[in-house]
Amino acid sequence: MSRYVTVPRPTEHAAIRAACSSERRLPPIPAILADLITAQRLNDQHGMNLCGHLVARAALKEVGEK
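Residues numbered from 1 in each chain as written. Predicted model: local features only at pLDDT ≥ 70, side-chain atom pairs only at ≥ 80, totals over all residues. Heavy atoms only, no water.

Caption draft 1: How the structure looks around the overall build of the protein chain. For the protein chain, the count of helices and strands is 3 helices and 0 strands. The order of helices and strands in the protein chain, counted from the N terminus, is α-α-α. A total of 66 residues make up the protein chain; the buried ones form 11% of that total. Roughly 6300 Å² of accessible area belongs to the protein chain as shown, and the carbon and sulfur atoms make up 59% of that amount. (Helix = DSSP H or I, 4+ residues; strand = E, 2+ residues; numbered from the N terminus. Buried < 20%, exposed > 50% of the residue type's maximum accessible area, 1.4 Å probe, protein only. Areas by Shrake-Rupley, 256 points an atom, 1.4 Å probe, with all protein chains shown as cover.)

Structure follows, in structure tokens:
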């Protein structure tokens, strides 16, 4: 008998499929931009990157949509 127990974990594809199955509401763009300004004032590069991507996602609605 093995000392270690294998814990089944979902694959990356299963995790992406589960995340895509539910619609996530995005905050309004002015609120995201306010957070972006706050991150910039705090010199938080990671926060600026996250907020910038969130604004783009909120503005475009879906990637590739025309």
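Caption draft 2: Up close: unusual backbone geometry. Look at asparagine 43: it is not a glycine, yet its phi comes out positive at around 60 degrees. With respect to the helices and strands, the residue asparagine 43 is situated in the loop between helix H2 (29-41) and helix H3 (45-60). The exposure class of asparagine 43 is exposed, given its relative accessible area of 63%.

Caption draft 3: Representation of H2 in the model. Helix length check: H2, at 13 residues, gives a terminal C-alpha distance of 18 Å against a target of 18 Å (1.5 Å per residue), a fit within 8%. The first or second residue beyond H2 is asparagine 43, which carries a positive phi of 60 degrees. (Expected span 1.5 Å × (residues − 1).)

Caption draft 4: The arrangement of the packing of H2 against H3 in detail. Two elements in contact, H2 and H3, have axes whose closest approach is 8 Å; the angle formed by their N-to-C orientations is 160 degrees. Taken together, H2 and H3 sit at an angle that is classed as roughly antiparallel. Note that H2 runs across H3; the crossing there is left-handed. Contacts between H2 and H3 involve Ile29, Ile32, Leu33, Asp35, Leu36, Ala39 and Gln40 from the first element and Gly47, Met48, Cys51, Gly52, Leu54, Val55, Ala58 and Ala59 from the second. (Axes fitted to C-alpha atoms, helices over the stretch in contact; angles between N-to-C directions. Parallel < 35°, antiparallel > 145°, perpendicular 65-115°, else oblique. Left-handed = near helix turned anticlockwise from the far one by under 90°. Contact = heavy atoms within 4.5 Å.)

Caption draft 5: Geometry of the environment of proline 27. In this fold, proline 27 is placed in the loop between helix H1 (12-20) and H2. Owing to a relative accessible area of 38%, proline 27 belongs among the partly exposed residues under this scheme. Separated by 31 residues in the primary sequence, proline 27 and alanine 58 place their C-alpha atoms 8.0 Å from one another. Look past the residues within four positions of proline 27 in its chain and what remains in contact with it is Ile32 and Leu54.

Caption draft 6: Highlighting H3. Here H3 spans 23 Å end to end across 16 residues, near enough to the 22 Å set by a 1.5 Å rise per residue. Turning to H3, its buried residues number three or more, namely Gly47, Met48, Cys51, Val55 and Ala58. Viewed end-on, H3 has its buried residues packed into an arc of 100 degrees, placing them on one side of the element. When the buried face of H3 is taken as reference, the exposed residues oriented beyond 90 degrees from it are Gln45, His46, Leu50, His53 and Leu60. (Arc of directions from axis to C-beta.)

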